[in-house]
Amino acid sequence: MSLKDNEGYFSQIRVIAVLTPESVASALDLSRVLFEAGLRMHEITLRTDCGLEAIATLTRELPGLIIGAGSVVTPELGEAAISAGARFLVSPGTNDALLQFAADCRVPFLPGVSTVSESMRVLALGCKAAKLFPADVLGGVAFLRALAAPLPAMKFCPSGGMDAQVAPNFLRLSNVLAIGGSWMAPAELVRKKRFAEIDQLARAAAAL
């Protein structure tokens, strides 16, 4: 599927949990709670040293979970994530090398865009779905509404600044496939292992 025709893959789940684990153990504990609460697609960002190991562990321990890698900024990082078990890749932005890798990638790839020109560039490569990041800074719902008319074939998965209040507004837009966020797993609750509260937030997110 790679970069082309990725729209169908990223439309199967409306809310993607975006997680940056501090340890493999905490990743497993958190993903298990979120998965059991109904959030079936998790993006593990590769911003910490344990990211790749966390993906490998989650792939092994939670086989029903759709696990992917985020913050993929180089082809080498993408290959390492796939080897660890990632079933999809997400980048915050693109460059020529990353787009070439994405075009040939053997798993679905969601490229990051932040402008109309960047959206047109990936669309010209056959990509009909992209991550809009950082959505809140770029104008959020209003910006996506403005993109709908000139780019009717393009769909987005906005991420950045997402919370329980604004999430429904994004999901009502015709050009939004899904949203990504971590509001259902606040860092303080994760650190204190307050999983009952996280479960409630996750169930509300899954209900969207």
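Residues numbered from 1 in each chain as written. Predicted model: local features only at pLDDT ≥ 70, side-chain atom pairs only at ≥ 80, totals over all residues. Heavy atoms only, no water.

1. Comments concerning helix α5 (residues 96–104)
Defined as follows: Three exposure classes are used, based on accessible area relative to the maximum for each residue type with a 1.4 Å probe and protein chains only: buried under 20%, partly exposed in between, and exposed over 50%. The helix count covers DSSP runs of H or I at least four residues long, the strand count covers runs of E at least two residues long, and both are numbered beginning at the N terminus. Along the arc lie the directions from the helix axis toward the C-beta atoms. Note on contacts: a residue pair qualifies if any of its non-hydrogen atoms lie within 4.5 Å across the two residues. Within 3.5 Å is the distance limit for a polar contact, defined as a pair of N or O atoms, with the added protein rule that one can donate a hydrogen and the other accept it, and that residues adjacent in sequence qualify only through two side-chain atoms.
Taken together, the buried positions of α5 are L98, L99, F101 and A102. All buried residues of α5 fall inside an arc of 160° around its axis, so they share one side. Facing away from the buried side of α5 by more than 90 degrees, the exposed set consists of D96 and D104. For α5, the secondary structure elements touched by its buried residues are α4 (75–84), β4 (89–90), β5 (109–110) and α6 (116–124). The N-cap of α5, judged by a side-chain oxygen 3.2 Å from the amide nitrogen of A97 a few residues on, is N95.

2. Some details on the nonpolar core
The condition that has to hold: Each nonpolar core is a collection of buried residues, namely Ala, Val, Leu, Ile, Met, Phe, Trp, Tyr and Cys, held together in the definition by side-chain atoms within 4.5 Å.
Counting 61 residues, the largest nonpolar core has L34, L89 and I179 as its most contacted members. Looking at this core element by element, the count peaks at five residues for helix α2 (residues 24–36). Once residues within four sequence positions are removed from consideration, L34 is found in contact with A17, L19, L39, H42, M184, I198 and A202. Counting 13 residues, the second largest nonpolar core, distinct from the first, contains Y9, I66, V90 and A178.

3. Describing the packing of α2 against helix α3 (residues 51–61)
As a reminder, the rule being used: All axes here are fitted lines through C-alpha atoms, helices being fitted over the stretch that makes contact, and every angle between N-to-C directions spans 0 to 180 degrees. Oblique is the label for every angle not falling under 35 degrees (roughly parallel), over 145 degrees (roughly antiparallel), or within 65 to 115 degrees (roughly perpendicular). Less than a right angle of anticlockwise turn of the near helix away from the far helix marks a crossing as left-handed, whereas a clockwise turn marks it as right-handed.
Put simply, α2 and α3 touch, their axes get as near as 9 Å, and they point 45° apart. Put simply, α2 runs oblique to α3. For the crossing formed where α2 meets α3, the hand is right-handed. For the pair formed by α2 and α3, the contact residues are V24, A27, L28 and S31 on the first element and E53, A54, T57, L58 and E61 on the second.

4. Overview of the packing of aromatic side chains
Threshold: Classification of ring pairs rests on two measures: the distance between centres of Phe, Tyr or Trp rings, Trp counted by its six-membered ring, which must be within 6.5 Å, and the angle between planes, read as stacked under 30 degrees, edge-to-face over 60 and tilted in between. Here, a charge over a ring is recorded when the distance from Lys NZ or Arg CZ to the ring centre is within 6 Å and its angle to the ring normal is within 35 degrees.
According to the stated counting rule, one finds four aromatic pairs in the structure shown. Each ring, one from Y9 and one from F10, has its centre 5.2 Å from the other, and the planes form 80°; the classification is edge-to-face. Residue Y9 is classed as buried on the basis of its relative accessible area, which comes to 14%. Taking the centre distance of 6.2 Å and the plane angle of 55° together, the rings of Y9 and F88 count as tilted. Taken together, the residues span a long stretch of sequence, with Y9 in helix α1 (residues 7–10) and F88 in the loop between α4 and β4 at a distance of 79 residues. Through a chain of ring-to-ring contacts, three or more aromatic side chains come together here, namely Y9, F10 and F88. Over the ring of F133 we find K131, and its NZ or CZ is 4.7 Å from the ring centre.

5. So, the environment of G139
Structurally, the position occupied by G139 is in the loop between α7 (135–138) and α8 (140–148). Through-space distance from the C-alpha of G139 to that of A196 is 33 Å; in sequence the pair is 57 residues apart.

Taken by themselves, the reported measurements are silent on function.
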